[in-house]
Amino acid sequence: MSDDLFRLYAAILERQGMDPSSSRTARLFAAGPKKIAKKVGEEAVEVALDAMNEDRQGVVNESADLLYNLSVLWATMGITPDDVFAEIRRRETLYGIAEKLPKPTAAEGGGK
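Keep in mind the model is a prediction, meaning the values are calculated, not measured. (Residues numbered from 1 in each chain as written. Predicted model: local features only at pLDDT ≥ 70, side-chain atom pairs only at ≥ 80, totals over all residues. Heavy atoms only, no water.)

Enquirer: Got a sec to walk through the nonpolar core? Specific residues and values, please.
Expert: Core analysis: the largest hydrophobic core is formed by 13 residues, its most contacted members being Ile12, Leu28, Phe29, Ile36, Tyr68, Val72 and Ala75. At five residues, helix α4 (residues 56-76) tops the list of elements feeding residues into this core. Look past the residues within four positions of Ile36 in its chain and what remains in contact with it is Leu28, Phe29, Asn69, Val72, Leu73 and Thr76. (Core = buried A, V, L, I, M, F, W, Y, C linked by side-chain atoms within 4.5 Å. Buried < 20%, exposed > 50% of the residue type's maximum accessible area, 1.4 Å probe, protein only. Helix = DSSP H or I, 4+ residues; strand = E, 2+ residues; numbered from the N terminus. Contact = heavy atoms within 4.5 Å.)

Enquirer: Before we move on, can you summarise the environment of Asp19 with the specific residues and values?
Expert: Following the sequence through the fold, Asp19 ends up in the loop between α1 (2-14) and α2 (24-31). Here the alpha-carbon distance between Asp19 and Ala30, two residues 11 residues apart in the chain, equals 8.9 Å. Reaching out from Asp19, the side chain makes a polar contact with the side chain of Ser21 at a distance of 2.9 Å. (Polar contact = N/O pair within 3.5 Å; in protein donor to acceptor, adjacent residues only side chain to side chain.)

Enquirer: Give me the lowdown on the pattern of salt bridges, citing residues and values where you can.
Expert: The final tally for this structure, using the stated rule, is six salt bridges. Lys39 serves as the salt-bridge partner of Glu43, at 3.9 Å between the closest nitrogen and oxygen. Of this pair, Glu43 and Lys39 both sit in helix α3 (residues 33-52), four residues apart, which is roughly one turn of the helix. For the pair formed by Glu43 and Lys39, the shared burial category is buried. One salt bridge connects Arg90 with Glu87, and the closest N-O pair in it is separated by 2.8 Å. Of this pair, Arg90 and Glu87 both sit in helix α5 (residues 81-95), three residues apart, which is roughly one turn of that helix. We classify Arg90 as partly exposed; its relative accessible area is 38%. Relative accessible area serves as the criterion here: at 26%, Glu87 is assigned to the partly exposed category. Each of Lys38, Lys39, Glu42 and Glu43 takes part in salt bridges that share partners, so that together they form one network. (Salt bridge = Lys/Arg side-chain N within 4 Å of Asp/Glu carboxyl O.)

See below:
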């Protein structure tokens with residue numbers, strides 16, 4: 001999967017300076033990080049809705065859209081797939097595979 005993600009990311013970077021009228025990706029870059037972040041949120045919701053409806057193909061399709069928009073957001077913020085993979089490896093070392101970083105409790109300063 002990482003090869004596919006790296007190719008997607010490279011293609012996104014190639015479009016970063018292009019004319020927005022010639023590329024959807026260039027239009028997203030021109031719209032700025034807030035618009036891109038909104039697209040990431042919309043796609044994540046669509047993945048969740050399709051999962052709730054047990055629509056396997058919908059989840060596949062929307063996941064591809066999510067990864068695309070997330071990759072555009074990463075590029076906008078100067079984040080690379082390697083940065084994300086390094087964080088996954090760091091967490092694996094600390095907490096085991098596929099673990100999410102624990103949220104601090106209120107007593108640890110995590111309360112709002």
